[in-house]
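# Commentary on secondary and tertiary structure
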Amino acid sequence: MALRQIRIMGDEKLEKVCRPVTEMTPRTKELIRDMLDTLYDANGVGLAAPQVGILRRIVVIDIGDGPLVLINPVILESSGEQTGQEGCLSLPGQAGIVTRPNYVKIKALNEDMEEFELEGTELLARAICHECDHLDGIMYVRHVEGELFEVTADEDEEKQEES
Ligand code: ZN
């Protein structure tokens, strides 16, 4: 298990547009493993490569249903709306209210560089939108309605409140 350091908002790597992955290499595989280790260690729901300082279009997500690896994800369709609490591992201890689509359909590559499509609703849709934003250098704070607020340590993860 190898953990990578999570970059905190203000780090310039979080403000850059990431490059697509063109081939799977042992180094990229190692990065993906490390990203998952780092995500679970931080009790997060999602992590994007720029959050560990790598400007590649790679996202890992686990909303509690097992790990999802999205390489070069593209949102094909979105619909509906959900408004709820959102946080980010790159802005620990804070959260804000963000409105996102309630449904998204994406295409992405898996770790074997095979294309697949995935549909998500509710928390998964929110996580996908949040992480895809990271790949374009966008932090969720840009979408926050009102002020950021403090959250306690056990709520300090990329997730929506259950309510
Ligand atoms: Zn984030």
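The structure this text deals with has already been given above.
Not measured: the values here are computed from a predicted model.

Parameters at a glance
- Residues numbered from 1 in each chain as written.
- Predicted model: local features only at pLDDT ≥ 70, side-chain atom pairs only at ≥ 80, totals over all residues.
- Heavy atoms only, no water.
- Disulfide = S-S within 2.5 Å.
- Buried < 20%, exposed > 50% of the residue type's maximum accessible area, 1.4 Å probe, protein only.
- Helix = DSSP H or I, 4+ residues; strand = E, 2+ residues; numbered from the N terminus.
- Pairing = 2+ DSSP bridges.
- Axes fitted to C-alpha atoms, helices over the stretch in contact; angles between N-to-C directions.
- Contact = heavy atoms within 4.5 Å.
- Expected span 1.5 Å × (residues − 1).
- Core = buried A, V, L, I, M, F, W, Y, C linked by side-chain atoms within 4.5 Å.

Per the counting criterion, the structure on display carries zero disulfides. In this model Cys18 remains outside any disulfide bridge; the closest cysteine sulfur is found in Cys132, 11 Å from its own. In this model Cys129 remains outside any disulfide bridge; the closest cysteine sulfur is found in Cys132, 7.0 Å from its own.

So, about the pairing of strand β2 (residues 58–61). Neither face of β2 is open: one carries Ile58 and Val60, the other Val59 and Ile61, and all of them are buried. The pairing of strand β1 (residues 46–48) with β2 spans three bridges and is classified as antiparallel. Counted as the bridge partner of Leu47 is Val60 from β2. Bridge count between β2 and strand β3 (residues 68–79): four bridges; the pairing is antiparallel. Note that in β3 the partner of Val60 across the bridge is Val69. Where β2 hands over to β3, the hairpin turn is made up of six residues, of which Gly64 adopts a positive phi near 110 degrees.

Turning next to the sheet that holds strand β5 (residues 94–100). Spatial strand order, β4-β5-β8: three strands in an open sheet with antiparallel pairing. Each end of this open sheet is capped by a strand with a single partner; those strands are β4 (82–87) and β8 (145–150). Averaged over all pairs of adjacent strands, the angle between strand axes in this sheet comes to 30 degrees, irrespective of strand direction. Here β5 runs beside β8; their pairing, made up of three bridges, is antiparallel. Residue pairing for β8: Gln94 is matched across the bridge by Glu150. The strands touched by helix α2 (residues 122–135) are β4 and β5; relative to β4, the strand with the most contacts, the crossing angle is about 55 degrees.

As a further point, take α2. In this model α2 runs 21 Å from its N-terminal to its C-terminal C-alpha over 14 residues, within 8% of the 20 Å that 1.5 Å per residue would give. Taken across its 14 residues, α2 has 12 buried, putting it largely inside the fold. By the burial criterion, the buried members of α2 are Leu124, Ala125, Arg126, Ala127, Ile128, Cys129, His130, Glu131, Cys132, Asp133, His134 and Leu135. Count one or two residues on from α2 and you reach Gly137, which has phi positive near 75 degrees.

So, on to the sheet that holds β2. Judged by pairing direction, the sheet is antiparallel, and its five strands sit side by side in the order β1-β2-β3-β6-β7 without closing on themselves. Both edges of this open sheet fall to β1 and β7 (115–121), since each of them pairs with a single strand only. The average undirected angle you get between the axes of adjacent strands in this sheet is 40 degrees. On the sheet, α2 packs against β1, β2, β3, β6 (103–109) and β7 and is oriented at approximately 125 degrees with respect to β7.

Val59, Ile61, Leu70, Val104, Ile106 and Ile128 are the most contacted members of the largest nonpolar core, which has 18 residues in total. When contributions to this core are tallied by element, the ones reaching two or more residues are β2, β6 and α2. It is α2 that contributes the most residues to this core, seven residues altogether. If sequence neighbours within four positions are ignored, Val59 has contacts with Met35, Leu47, Ala48, Leu68, Val69, Leu70, Glu131 and Leu135. Core analysis: the next-biggest nonpolar cluster, separate from the first, contains 17 residues, Ala49, Val52, Val60 and Val69 among them.

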